[in-house]
Amino acid sequence: MMPTAVTLDSVGRIPFPGDNAAIASRRLDAGLEILAPTDSFRLSHGVLEGHRFAIVPIPKGQALLSWGLPFGVALQDIAPGDYVCNRKILQALSQRHLDFPLPSTPNFADHSIRYVLDEQHFQPGTQVSRLSESPEFEGFERGPRRGAGTRNYVVILGTSSRTASFARILAERFPQTTALFTNVDGVVPVAHTEGGDPSRPNNFEFVVRTLAGFMVHPNVGAVLAVDTGEEPVNNEVIQDFLKKHDYPIESVPAEFMTLGSDFESCLQKGESIVRKSLEQANRSSRSRMSVARLRFALQCGGSDAFSGVSGNPLAGWMAKRLIQFGGAANLAESDELIGAEPYVLKNVKNLETARHFLGTLQRFQERASWHGHDAEGNPSGGNNYRGLYNIAIKSIGAALKKDPEVCLDHVIDYGERMDSPGFYFMDSPGNDLESIAGQVAAGCNVILFTTGNGSITNFPFVPTLKIMTSTARFNLLSNEMDINAGRYQDGMSMDDLGAEAFDLALRVAAGQRTAGEHAGHSQVQIWREWRQTN
């Protein structure tokens, strides 16, 4: 039974000093007395874990703040202890079977003021300073243009949806490769849903650039690309792109195959090619190299209210440490940064990069508007239930994957290759699978994936480290998660937690299997075609 009076820090999380709302760290009952540092108050309603309640008076018209940034405007005077809720959350929760009454009306409206860059007073940011000593890990040397591999896979790549099933079936013929080829991590299919229609798709450039990036990725020991010869995205198109854009395909043992009418004969031919590819890939072995060769992809999925409190800041800490060692990190999901522009651009390399970042977000919103949508459709029902009320509050928390000390150095298009150290932002949709595909194509060789609700996301040939945001949920999913960021909420310092997690990332880069790899989780989805009707 919950006590009648508790301290604020025992039941709530305040993301940033000066915030006027706290996040409930567990389910709270109506009438509970909260003992705050300056005053005490009682909760007007029951509050779900991850949802917010006011901790100071918020007058009508005043902004509601989390991480020091506005996520809404008060529709009425809000008293300390009031359940903070907008119309969307009341609608979402009304569909759940709750055992306590909800407020009858919303008390805040979403905040959607467009960010305007003050170019006249712009001050260039500075990147975190390099550390004098850099650790090493054991990776696969692929040369200066391809980078360092953290895995060594033979990849069967279906160029479009037409050859996806063939890639899967062929890969299934090689279940025990590691026993015979000790330097190879396995044979995996890259099977996706795009590029198979008769006409050229709207996402043609995205698909071709992504597949080209897959083929030269440092985790690929050899690759077989398979098409039917008739689809818009085929082997000839990909080979032309690789040559035109000077991708280092010459350093990859690559084969190209077009399917004929006899499926079984094609499988036998493909099997022969893959066996040869296994022998070629097995000639590579791990060697010592600088951690500066690592490229972290920063991702989240199944986010909750604590993603921005523990999980995303931890991923940001790890990215900062990698950049201090001379490596690179890639932040993505364009629609999940709308509303967080003031935070992201507080430390940016130069005015041109700031303009490029804002232009990318504006272009994304324009594309969505062509289809009658906007970024507010991003938070899912699960996000809402776990306390992410709107895109602003989700974006602010998602942006914490960029540590405040880290400078935004580069802005790139979806799947565009990362050719320098530093911190990158890559244009991509909020769907984590689609976004990860672009980051892998860009060259990321380790994925840091924050989740609050849990996720089975794991890329076929790049290891994914799962970061869980709370201890209670980590304990429920411990067989599928790698890092318990909830320990930060339990009192562990971020520096200690970050150092421990970074060491784990180095062991994973050197071959230690992640929970997702042990479970056999594997998916690919490229940025899907947004079909226009007018």
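Coordinates for the structure precede this section.
Residues numbered from 1 in each chain as written. Predicted model: local features only at pLDDT ≥ 70, side-chain atom pairs only at ≥ 80, totals over all residues. Heavy atoms only, no water.

A. Just the pattern of salt bridges, in detail. Tallying each qualifying case throughout the model produces 27 salt bridges. Among the salt bridges present, the one from Glu33 reaches Arg42, with a minimum N-O distance of 3.6 Å. For Arg42, a relative accessible area of 48% translates into the label partly exposed. Among the salt bridges present, the one from Arg162 reaches Glu230, with a minimum N-O distance of 4.0 Å. Of this pair, Arg162 sits in the loop between strand S12 (153-158) and helix H3 (164-171) while Glu230 sits in the loop between strand S14 (220-227) and helix H6 (235-244); the two residues are 68 residues apart in sequence, bridging distant segments of the chain. (Salt bridge = Lys/Arg side-chain N within 4 Å of Asp/Glu carboxyl O. Buried < 20%, exposed > 50% of the residue type's maximum accessible area, 1.4 Å probe, protein only. Helix = DSSP H or I, 4+ residues; strand = E, 2+ residues; numbered from the N terminus.)

B. Here's a closer look at the nonpolar core. Within the largest apolar cluster, 94 residues are counted, with the highest numbers of intra-cluster contacts made by Phe53, Phe296, Met318 and Phe357. Ranked by residue count, the leading element in this core is helix H16 (residues 494-509), at 9 residues. Apart from the residues within four sequence positions on either side, Phe357 is in contact with Leu337, Glu341, Val344, Leu345, Leu408, Val411 and Phe425. Among the nonpolar cores identified, the runner-up in size contains 46 residues, and Val207, Phe214, Val233 and Met426 belong to it. (Core = buried A, V, L, I, M, F, W, Y, C linked by side-chain atoms within 4.5 Å. Contact = heavy atoms within 4.5 Å.)

C. Main features of the pairing of strand S3 (residues 21-24). As paired strands, strand S2 (residues 12-13) and S3 are joined by 2 bridges and run antiparallel to one another. Its bridge partner being in S3, Gly12 is matched across the sheet by Ala24. When S3 meets strand S6 (residues 52-54), the two strands line up antiparallel, connected through 3 bridges. The partner of Ala22 across the bridge, within S6, is Phe53. (Pairing = 2+ DSSP bridges.)

D. Focus on H6. Inspection of H6 places Asn235, Ile238, Phe241 and Leu242 among the buried residues, and these make up the whole buried set. For H6, the buried positions fall inside an angular range of 130° around the axis, keeping them on one side. Facing away from the buried side of H6 by more than 90 degrees, the exposed set consists of Glu236, Lys243 and Lys244. One or two steps after H6, the chain reaches Asp246, where phi turns positive at roughly 55°. (Arc of directions from axis to C-beta.)

E. Quick peek at helix H2 (residues 87-94). Listed as buried for H2 are Ile89, Leu90, Ala92 and Leu93. Axial view of H2: buried residues confined to an arc of 165°, hence all on one face. In H2, the exposed positions angled more than 90 degrees off the buried face are occupied by Arg87 and Ser94. Buried positions along H2 lie against helix H11 (381-385).

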